[in-house]
Amino acid sequence: MIPDDLDTIVGRLAERFSAQRGALLPLLHAIQEEVGWVPDAATPLGARALNLSRAEVHGVVTFYHDFRREPAGRHVVKLCLAEACKARGVGAIEAALADRLGVGIDKTRADGQVSFEAVYCLGLCATGPNALVDDRPVSRLDARKVDRIVAQVSA
Amino acid sequence: MTRAYISCDMASVALGADDIAEALTAAGCTVIRTGARGLFAIEPLVEIETTDGARIAYGPVEPEDVPAILDDTHPNRIGDLATLPFFAKQQRFTFARCGITDPLSMADYTAHDGWKGLAAARALPPQAVVDAVKASGLRGRGGAGFPTGIKWQTVLDAASPEKFIVCNADEGDSGTFADRMLMEGDPYCLLEGMAIAGHAVGASHGYIYVRSEYPFAIRALNAAIERAGPILAPFTVEVRVGAGAYVCGEETALLESIEGKRGQVRAKPPLPAIQGLFGQPTVINNVLSLAAIPFILAEGPERYAEVGFSRSRGTMPVQLAGNVKNGGLFEIGFGITLGELVNDIGGGTESGRPVRAVQVGGPLGAYFPPSMFDLAFDYEAFAAAGGLIGHAGITVFDDTVDMAAMARFAMEFCAVESCGKCTPCRIGSTRGVETLDRIIGDRIKGAAQREQALEAMPQMRNAKVKHRSVDEEIGVLRDLCETMKFGSLCALGGFTPYPVLSALDHFPEDFGGARALPQAAE
């Protein structure tokens, strides 16, 4: 899963941000976008490229929820569980999705097909419950839309 | 050719606006994508331009409705949106263009009074711009309500070869979406406000820190920065993307994050205005504060300040969210009551059940019962009532809500999102979850089960042999909240007690306590 040329990738991306101050977050975002996650092996590479200590890079990777230290499933369903969606009944949607997808929240299904993750607010708070399905926003989730999501991520 | 307007706002797209735009294009219309109008009950919304330039609205609609829209026979015909009470009652200063113009069209922006504020500001010396902002009475729209002009004055007075403008667009509070709507629907307005701030305090570079959950806003801002570059020059702006840490909405944690570090809160002083980003004097303002600036400079501070209530001047883009019928963005002068917002404008709950609680100001805001709906929307009035207006998001709950579960969620959220720097927040929130679990556990299982609890086992020699009663547990929880409120370094630990204490005060029956006295008639 870890690309053989990780050091080349990190080096090339670090080059892109070399002129920026505080380049570590942009670099980690770029690594995740290209590789899909941030392998631990990227930590010393990023540290060397930006002249930081490994501890500093490790601290940042582990602080932010966005950075994945393990590969995600082929599809990612992010469901908002914050207050405004709770007020609009996301509890039942969470149970239905967990049941139909066969994986609980914040887990990746064993076959690697889908990751089901919680997100705290997508800013669509008047039309919840809301989800991001492979980065595509879906609002007013109901049984029909749950069916559609399940079909989409099973493909 | 028929011109059709349809929103490209993330909320509209999530409701299917893209499919409708495609169907309209296929039917031969010229489709113009705008920001969101702000009333999501009628989305997806299409507006068709008539021969005299007026717009006739239809919503909500589906892609197969396109023929009925084009021959004007659709049953969801609304007509002129401006006549709907939801829009007629608003005072749109900051959101004047949102939903009307193509967000990325420089021609539209200029035609709708864009860049006037920047031109006016650049004709003035920096001190005069700061004075105008002071005279407008604008206070920080991120929640703290600190006077923007005074903050700017501090940065202007700080001698330094390098200063920064930072826009806090890390809008993580559930129930708020005004920043997102503005960045997607009128990004030039924010850039103009930042360029004015740069001129006023002598800063030449700005950062917009946007949360990663807002991909549409990130795209819109990057495109807008590229197109507006020549007008903004010599001021330059850069977008920085967050990485899912709620605490980075706190200004000092946000600065750390831009610097490429863990988003840990800094102790204040030194204030960011003196020693902010990369140690330099920094103006850090919320999206809505900066977006209010162009209007103030273009129309004059008096025009802004004449609206409002007491020490809260100007308008507030209020967001009606959660279980509410007419959810959306409602910009209005301060002073309107909570009840007017929830019942008259919002139309009560969408589920049709009675309103039981509203949370104002996001996850750190207090829960209010309907008996307090005469509260005026004003920084001081809310503070006096044990709450905060925060970023002016109002999340409505019907009578099915379990307030003990919501109080537990508030503590759990704080435990997960705490940056770990100070003890009351880092440890207090975890102990809060445990205490609430015991209270909720007792409520469900009854106290008898608790005799088998871990603390009561003989091995636990130092633990209390007899566990606490519910009332004692609530006493522990209140005590813990006091510690967090006064001992935490920032608003995350300091305000998490607000939802917890307000739930305890106004909804004691959910915690297994005595039922509250019947609410006085409204």
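Owing to the predicted nature of the structure, the values given are computational and were not obtained by experimental measurement.

K.L.:
Looking at this model, I keep getting lost on the overall build of chain A. Mind explaining?
P.N.:
For chain A, the helix and strand inventory stands at seven helices and five strands. Reading chain A from its N end, one meets helices and strands in the order α-α-α-α-β-α-α-β-β-β-β-α. Residue burial in chain A is summarised as follows: out of 155 residues, 53% are buried. Taking contacts inside chain A between residues at least 6 apart in sequence as the whole, the part at least 24 apart equals 57%. As displayed, chain A has an accessible area near 7100 Å², and 49% of this comes from carbon and sulfur atoms. Positive and negative side-chain charges of chain A, numbering 19 and 20 respectively, have mean locations separated by a distance of 6 Å.

K.L.:
For this particular structure, what's the right way to read the interface of chain A and chain B?
P.N.:
Where interface size is given, it is often the accessible area lost as the parts come together that is meant. At the junction of the two partners, chain A supplies 36 residues and chain B supplies 61 residues. Both sides together, the interface formed by chain A and chain B hides about 3600 Å², and carbon and sulfur atoms give 60% of it. Of all residues in chain A, the largest losses of buried area upon contact with chain B belong to Arg21, Phe63 and Glu83 of chain A, amounting jointly to 21% of the total for that side. Our count for the contact surface shared by chain A and chain B stands at two salt bridges. The tally of links from chain A across to chain B stands at 26 residue pairs in polar contact (both at pLDDT 80 or more). Secondary-structure elements contributing two or more residues to the side of chain A that touches chain B are α2 (24-35), α4 (54-63), α5 (83-87) and β5 (136-138) of chain A.

K.L.:
Can you help me understand helix α19 (residues 470-487) of chain B in this one?
P.N.:
Side chains three or four residues apart in an α-helix point the same way, a direct result of the helix having 3.6 residues per turn. Residue and element names in this part refer to chain B. Given a rise of 1.5 Å per residue, 18 residues ought to cover 26 Å, and the 25 Å separating the end C-alpha atoms of α19 matches this to within 8%. Of the positions making up α19, those classed as buried are Glu473, Ile474, Leu477, Leu480, Cys481 and Met484. One side of α19 carries all its buried residues, which in axial view fall inside an arc of 120°. Those residues of α19 that are exposed and angled more than 90 degrees off the buried face are Asp471, Asp479 and Phe486.

K.L.:
Teacher, can you tell me more about the sheet that holds strand β12 (residues 315-322) of chain B here?
P.N.:
Note: strands within a sheet are paired through backbone hydrogen bonds, in either parallel or antiparallel orientation. Residues and elements named next belong to chain B. Taken together, five strands build an open sheet; the order of strands is β13-β12-β16-β14-β15 and the sheet is mixed. In the strand order of this sheet, the two ends are held by β13 (328-333) and β15 (367-368), each with one partner. Note: strand β14 (residues 355-360) against β15, two bridges, orientation antiparallel. Looking at the pairing, Gln359 lines up with Tyr367 of β15.

K.L.:
What exactly am I supposed to notice about unusual backbone geometry here?
P.N.:
Both trends apply: most residues other than glycine have a negative phi, and most peptide bonds are in trans. Pro44 of chain B follows Glu43 of chain B through a cis peptide bond whose omega is 0°. Residue placement: Pro44 of chain B occurs in the loop between β2 (30-34) and β3 (46-49). Of note, the bond from Pro269 of chain B into Pro270 of chain B is cis; its omega dihedral lies within 30 degrees of zero at 5°. Here Pro270 of chain B shows up in the loop between α12 (251-258) and β9 (282-286). At Asp134 of chain A, a residue that is not glycine, the phi angle is positive and equals roughly 45°. Its location among the elements puts Asp134 of chain A in the loop between β4 (131-133) and β5. For Asp134 of chain A, a relative accessible area of 32% translates into the label partly exposed. Phi is positive for Phe278 of chain B, close to 50°, though the residue is something other than glycine.

K.L.:
Explain helix α2 (residues 17-26) of chain B to me, please; I cannot follow it from the model alone.
P.N.:
Residues and elements named next belong to chain B. Ala17, Ile20, Ala21, Ala23 and Leu24 are the residues of α2 that are buried. Projected down its long axis, α2 shows its buried positions confined to an angular sector of 160°, all on one face. Among the exposed residues of α2, those oriented more than 90 degrees off its buried face are Glu22 and Ala26. In this structure, the buried side of α2 is in contact with β1 (3-7), α1 (10-14), β2, β3 and α3 (66-70).

K.L.:
Please explain the domain arrangement of chain A as it appears in this structure.
P.N.:
Taken domain by domain, chain A consists of domain 1 (6-63) and domain 2 (75-154). Taking the mean C-alpha position of each, domain 1 of chain A and domain 2 of chain A sit 30 Å from one another.

K.L.:
In this structure, what is going on with the environment of Arg48 of chain A? I would like to understand it.
P.N.:
Looking at the element boundaries, Arg48 of chain A is found in helix α3 (residues 42-50). Spatially, the C-alpha atoms of Arg48 of chain A and Gly11 of chain A are 9.2 Å apart, while their sequence positions differ by 37 residues.

K.L.:
Just checking my understanding: could you explain the packing of helix α8 (residues 148-157) of chain B against helix α10 (residues 187-201) of chain B for this structure?
P.N.:
Pairs of packed helices are described in terms of their axes, by the angle between the two and the distance that separates them. Residues and elements named next belong to chain B. Relative to each other, α8 and α10 sit at 50°, their axes nearing to 8 Å. It follows that α8 is oblique to α10 by the angle criterion. Between α8, through Trp152, Val155 and Leu156, and α10, the contact on the second element is made entirely by Ala197, Ala200 and Val201. When grouped by side-chain class, the residues that make up the contact of α8 with α10 number six nonpolar, no polar and no charged.

Cut-offs applied
- Residues numbered from 1 in each chain as written.
- Chains lettered and ligands numbered in written order.
- Predicted model: local features only at pLDDT ≥ 70, side-chain atom pairs only at ≥ 80, totals over all residues.
- Heavy atoms only, no water.
- Helix = DSSP H or I, 4+ residues; strand = E, 2+ residues; numbered from the N terminus.
- Buried < 20%, exposed > 50% of the residue type's maximum accessible area, 1.4 Å probe, protein only.
- Contact = heavy atoms within 4.5 Å.
- Areas by Shrake-Rupley, 256 points an atom, 1.4 Å probe, with all protein chains shown as cover.
- Lys, Arg positive; Asp, Glu negative; His and termini not counted.
- Charge placed at Lys NZ, Arg CZ, Asp CG, Glu CD.
- Buried area = accessible area lost by both parts, 1.4 Å probe.
- Salt bridge = Lys/Arg side-chain N within 4 Å of Asp/Glu carboxyl O.
- Polar contact = N/O pair within 3.5 Å; in protein donor to acceptor, adjacent residues only side chain to side chain.
- Expected span 1.5 Å × (residues − 1).
- Arc of directions from axis to C-beta.
- Pairing = 2+ DSSP bridges.
- Domains from an automatic or database assignment.
- Axes fitted to C-alpha atoms, helices over the stretch in contact; angles between N-to-C directions.
- Parallel < 35°, antiparallel > 145°, perpendicular 65-115°, else oblique.
- Nonpolar A, V, L, I, M, F, W, Y, C, P; charged D, E, K, R; others polar.

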